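Each chain, letter by letter, is given below.
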Amino acid sequence: MAYNHGVRILENPTSLTAPILGTAAFQVVVGVSPVNLAEDPYKATNVVKLAYSFPEASAAVGYSNNLKDYNLNQSISATFKKFAVAPIALINVLDPKKHKDSIPKTTCQVGDLQATVSIEGILLDTLVVEAGETTLQADVDYITGFDDDGYAVITLLESGAGAEATTLSVSGDKIDPSKVTKNDIIGGYNVSTGKESGLELVRQVYPLFGMTPGLLTSPGYSKDPSVASVMAAKCLKINGLFTCECIVDLDSTADGATKYTDVKTVKEKSGFVSEHMSVVWPKVRIGDEVYYFSALYSALIAYVDASNDDVPNLSASNKAIPITGLCLDDAADSEIVIDQEQANLVNSFGVSTAINFNGFRSWGNNSAAYPMTTDPKDRWFCCRRFFSWWGNSFILTYFQKVDDPANVRLIETIVDTENIRGGAYVSAGKCARAEIKFNMDENPVTNLIDGKLTFHQFLTPYPPAEDIHNILEFDPYALESALGAAAT
C-alpha cells in the first residue's frame with residue numbers, strides 16, 4: 001500500500017441521474033408534399049426531414065397553398081402558421097421520378113422578359129422552352145424560379161437567344177399527387193436496396209435526431225383502415241423500446257360518416273379500437289382553407305404540451321382552435337353544424353370533434369379504445385400519453401446505467417432519482433402520484449443472478465374533469481329567516 005501524507009480527494013459518480021426527457025408531442029407526419037418546390041426535389045422522398053421553422057419545412061419538402069392535394073402542407077401550416085410550435089418531422093412519399101405526368105406543349109405570353117407557366121407541380125429540370133423554332137438553354141438564355149402560387153416563372157436573359165420573344169412554348173413533366181396510393185403511405189422495406197419507405201421510416205426518427213416520436217399522423221390517408229391500423233402498430237415498440245400515439249381521421253366522405261349519428265357505425269367498421277389512437281371527425285375549415293382535422297388536432301396537442309413545460313398531462317379537449325367551421329370530405333366541402341349534445345354523443349363513441357361555444361373548441365377526451373375499455377390509463381387519451389411519455393423518459397434516462405454492476409448503489413440511484421423527479425411533478429400538480437419501488441418479492445434470486453432488475457412504479461395522472469355537476473336547490477328556510485329578520 002502506498003504511503004500517504006497530506007490531504008487527498010476521491011470523486012464518486014453522482015448518485016442522482018439527471019432525467020433526459022423526450023419531446024412529449026413530437027409530431028411525425030407521413031404524406032404528400034409539392035417536392036418540386038423543395039430545395040432538392042430528388043432528395044426529399046422517403047427520408048425523414050426535421051424542421052424547427054416554416055422556412056426549414058418549406059425547403060425540406062416544399063410548400064404551397066394547395067392544401068387539398070398535399071396533406072403535408074396542412075400539417076406544416078397548422079404547426080407553424082396556426083399554433084407556432086416546433087419541431088416536426090416530415091416524411092414525404094411522393095416520388096418525382098414515379099408520381100409524375102407529362103405537360104402538353106403550352107404557350108405562354110412574355111411581358112418584361114418574363115413568362116409564367118400557370119401549371120402546378122412543374123419539375124424545372126424537365127422544362128423544354130422554345131422561342132419560335134429555337135430551343136432555349138437554361139442558364140444561358142433563361143433562368144427559372146417559382147412564384148408564390150407555385151407556378152414556374154421563366155425569366156429571359158437579355159443576352160440570350162429568346163430576348164425578343166413575345167411568346168414561349170413550354171413542355172416537360174409535373175408531379176402528380178393523385179398517383180400516390182395508400183400503399184405508398186404504408187411503405188415497406190425493399191430487400192434489394194435495403195431502403196425503407198412510408199411509415200416504416202418512423203423507426204429512423206430517434207436514431208437520426210435523438211427524439212422519440214410523440215404523435216404519428218397522416219392527414220386524410222389515415223381515414224383508410226389499412227393505413228390507420230399500420231399507424232397504430234407503429235406506435236408500439238419503436239426501435240424495440242419506445243411508445244407513442246397516433247391521430248387518425250374518421251372517414252367523412254359519402255361512404256363514411258356524413259352526420260353525427262353515423263360516427264359509431266363508421267368507427268366500428270374502420271376497426272379503430274387502439275388505446276394508442278385518437279380518432280377525430282369531421283374536417284375543419286379556416287376561411288377558405290380546408291384541413292383534415294388530424295393535422296390541426298396534432299398541432300394543438302403539441303402546442304398544449306409545449307405550453308405546459310413539455311409534460312403531456314393536460315387534455316387537449318375544450319381548447320380554443322382557430323377554425324371557422326366544420327365540413328365533410330366531399331367536392332363542395334359541405335358545411336355541418338353540431339351542438340354540444342350531438343358532440344357528446346360523438347365523444348361517447350370514442351371520437352373527438354369540435355363545438356362552437358363562443359368560438360370553436362376541441363371536444364373529446366377518449367381514446368379509440370373507448371367504450372370497449374374503461375381502464376383510465378387507456379381510456380383517457382391524455383393519461384395514455386402520460387404513461388407513454390414517462391416510459392420513454394425512463395428508458396432515455398437510465399439507458400446509461402445498463403451493464404453497470406447490479407448493486408445497491410445502482411438500485412438506490414434509480415429509486416432516489418425517480419422519486420425526486422416524481423415528487424416534483426406531484427408538487428406541480430401534474431399527477432397525483434409518481435413513486436417507484438424495488439420489491440424483493442418481484443426480484444427472485446434466479447432473476448438477480450441472470451442480471452435482471454425489476455422496479456415497480458405507480459403513476460397516477462389526473463383524469464380530465466369531463467363532467468362537472470352542480471345541484472341547485474331552493475332553500476325555503478332562508479326565505480323564512482330573511483323575512484322574519486325584517487319583521488323584527
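Analysis parameters
- Residues numbered from 1 in each chain as written.
- Predicted model: local features only at pLDDT ≥ 70, side-chain atom pairs only at ≥ 80, totals over all residues.
- Heavy atoms only, no water.
- Axes fitted to C-alpha atoms, helices over the stretch in contact; angles between N-to-C directions.
- Helix = DSSP H or I, 4+ residues; strand = E, 2+ residues; numbered from the N terminus.
- Parallel < 35°, antiparallel > 145°, perpendicular 65-115°, else oblique.
- Left-handed = near helix turned anticlockwise from the far one by under 90°.
- Contact = heavy atoms within 4.5 Å.
- Nonpolar A, V, L, I, M, F, W, Y, C, P; charged D, E, K, R; others polar.
- Disulfide = S-S within 2.5 Å.
- Buried < 20%, exposed > 50% of the residue type's maximum accessible area, 1.4 Å probe, protein only.
- Pairing = 2+ DSSP bridges.
- Core = buried A, V, L, I, M, F, W, Y, C linked by side-chain atoms within 4.5 Å.
- Salt bridge = Lys/Arg side-chain N within 4 Å of Asp/Glu carboxyl O.
- Expected span 1.5 Å × (residues − 1).
- Patch = residues over 30% accessible without salt bridge, like charges linked within 9 Å, V, L, I, M, F, W, Y side chains within 5 Å.
- Areas by Shrake-Rupley, 256 points an atom, 1.4 Å probe, with all protein chains shown as cover.
- Lys, Arg positive; Asp, Glu negative; His and termini not counted.
- Charge placed at Lys NZ, Arg CZ, Asp CG, Glu CD.
- Phe/Tyr/Trp six-rings, centres within 6.5 Å; stacked < 30°, edge-to-face > 60°.

A.B. asks: Which residues make up the packing of helix α1 (residues 54–61) against helix α2 (residues 71–82), and what values go with them?
C.D. replies: Here α1 crosses α2 at 160 degrees, and the two axes come no closer than 10 Å. With respect to α2, the axis of α1 lies roughly antiparallel. Read as a crossing pair, α1 and α2 show a hand that is left-handed. Along the contact surface, α1 presents Phe54, Ala57 and Val61, while α2 presents Ile76, Phe80 and Lys81. Residues of the contact of α1 with α2, tallied by class, amount to five nonpolar, no polar and one charged.

A.B. asks: Can you lay out the state of the cysteines for me, pointing to particular residues and giving the numbers?
C.D. replies: Tallied over the entire structure, the rule returns zero disulfides. No disulfide involves cysteine 235; its sulfur sits 3.9 Å from that of cysteine 244, the nearest cysteine. Assessed through its relative accessible area of 0%, cysteine 235 is described here as buried.

A.B. asks: Provide a residue-level description of the sheet that holds strand β18 (residues 325–327), including the pertinent values.
C.D. replies: Taking strand neighbours across the sheet as the criterion, the four strands line up as β17-β16-β18-β19 in an open arrangement whose pairing is antiparallel. In the strand order of this sheet, the two ends are held by β17 (289–291) and β19 (335–336), each with one partner. Along the sheet, α2 contacts β16 (283–286) and β17; its crossing angle with β17, the most-contacted strand, is approximately 110 degrees.

A.B. asks: Requested: an account of the nonpolar core, with residues and values cited.
C.D. replies: Met277, Trp281 and Ile323 are the most contacted members of the largest nonpolar core, which has 91 residues in total. Ranked by the residues each element gives to this core, the list is headed by helix α7 (residues 293–306), at eight residues. Filtering out sequence-adjacent residues up to four positions away, methionine 277 remains in contact with Ala228, Ala232, Cys246, Val248, Phe272, Ser367, Ala368 and Phe381. Counting 18 residues, the second-largest nonpolar core is a separate cluster that includes Ala115, Val129, Ile154 and Leu168.

A.B. asks: Provide a residue-level description of the pattern of salt bridges, including the pertinent values.
C.D. replies: In the structure shown here, the tally under the stated rule is 22 salt bridges. As a salt-bridge pair, glutamate 130 and lysine 105 come within 2.9 Å of each other at their nearest N and O atoms. Of the two residues, glutamate 130 is situated in strand β6 (residues 128–131) and lysine 105 in strand β4 (residues 100–109); the sequence distance between them amounts to 25 residues. Given the relative accessible area of 19%, glutamate 130 is considered buried. Overall, lysine 105 belongs to the exposed group, its relative accessible area being 56%. In this structure, the salt-bridge partner of aspartate 262 is lysine 259, at a minimum N-O distance of 3.3 Å. Among the charged side chains, a salt-bridge network with shared partners connects Lys223, Lys283, Asp329 and Asp333.

A.B. asks: Just give me the short version of helix α10 (residues 381–398), but keep the residues and values in it.
C.D. replies: The end-to-end C-alpha separation of α10 is 26 Å, in line with the 26 Å expected for 18 residues at 1.5 Å each. Of all 18 residues that make up α10, 14 are buried, and the element is covered over most of its length.

A.B. asks: Could you give an account of a negative patch on the surface, naming the residues involved and the relevant values?
C.D. replies: A cluster of like negative charges, contributed by Asp69, Glu120, Asp148 and Asp149, occupies part of the molecular surface. Within the fold, aspartate 148 resides in the loop between β8 (142–146) and β9 (152–156). In this structure aspartate 148 comes out as exposed when scored by relative accessible area, which is 75%.

A.B. asks: How would you explain the packing of α2 against α7 if you had to name every residue and give the values?
C.D. replies: Their axes nearest at 8 Å, the elements α2 and α7 cross at an angle of 35 degrees. The hand of the α2/α7 crossing is right-handed. Between α2 and α7, the residues in contact are Gln74, Ser75, Ala78, Thr79 and Lys82 and Ala295, Leu296 and Ala299, respectively. Considered class by class, the residues forming the contact of α2 with α7 number four nonpolar, three polar and one charged.

A.B. asks: An account of the sheet that holds β4 is requested, with residue identities and associated values reported.
C.D. replies: In a beta sheet, neighbouring strands pair by backbone hydrogen bonds and run either parallel or antiparallel. What the four strands build is an open sheet, ordered β4-β10-β6-β7; its pairing is antiparallel. The two strands at the open ends of the sheet, each matched to only one other strand, are β4 and β7 (134–135). As paired elements, β6 and β7 share two bridges and run antiparallel to each other. Bridging across to β7, alanine 131 finds its partner in threonine 134.

A.B. asks: Describe α7, listing the residues and the values that go with them.
C.D. replies: Working note: α-helix, 3.6 residues per turn, so residues spaced by three or four point in the same direction. Taking 1.5 Å of rise per residue, the 14 residues of α7 would be expected to cover 20 Å, and the 20 Å separating its terminal C-alpha atoms lies within 8% of that figure. A large share of α7 lies buried, amounting to twelve of its 14 residues.

A.B. asks: Pulling in residues and values, what's your account of the packing of aromatic side chains?
C.D. replies: Applying the stated criterion to the full structure yields eleven aromatic pairs. Ring plane angle 55 degrees and centroid distance 5.5 Å describe the contact between phenylalanine 386 and tryptophan 389, whose orientation is recorded as tilted. With phenylalanine 386 and tryptophan 389 both in helix α10 and three residues apart, this pair spans about one turn of that helix. This pair shows no difference in class: phenylalanine 386 is buried, exactly as tryptophan 389 is.

A.B. asks: Talk me through the side chain of asparagine 71; I want residue IDs and the actual numbers.
C.D. replies: For asparagine 71, the location among the structural elements is in helix α2. A relative accessible area of 4% places asparagine 71 in the buried class. In this structure, asparagine 71 is in contact with Val30, Gly31, Val32, Ser218, Pro219 and Tyr221, ignoring residues within four places of it in sequence.

A.B. asks: Account for the environment of tyrosine 462, naming residues and giving values.
C.D. replies: As for its placement among the helices and strands, tyrosine 462 is situated in the loop between β23 (456–460) and α13 (476–487). Its relative accessible area of 43% is what places tyrosine 462 among the partly exposed residues. Each C-alpha atom, one on tyrosine 462 and one on cysteine 383, is 7.4 Å from the other, the two residues being 79 residues apart in sequence. Residues in contact with tyrosine 462, not counting those within four places in the same chain, are Asn313, Cys383, Gly429, Lys430, Cys431 and Ala432.

A.B. asks: An account of the pairing of strand β10 (residues 167–175) is needed here, citing residue identities and associated values.
C.D. replies: For β4 and β10, the ladder comprises eight bridges, and the chain directions are antiparallel. Counterpart to aspartate 101 in the pairing with β10 is lysine 174. Taken together, the three bridges between β6 and β10 define a ladder with antiparallel strand orientation. From the neighbouring strand, valine 129 faces β10, where its bridge partner is valine 170.

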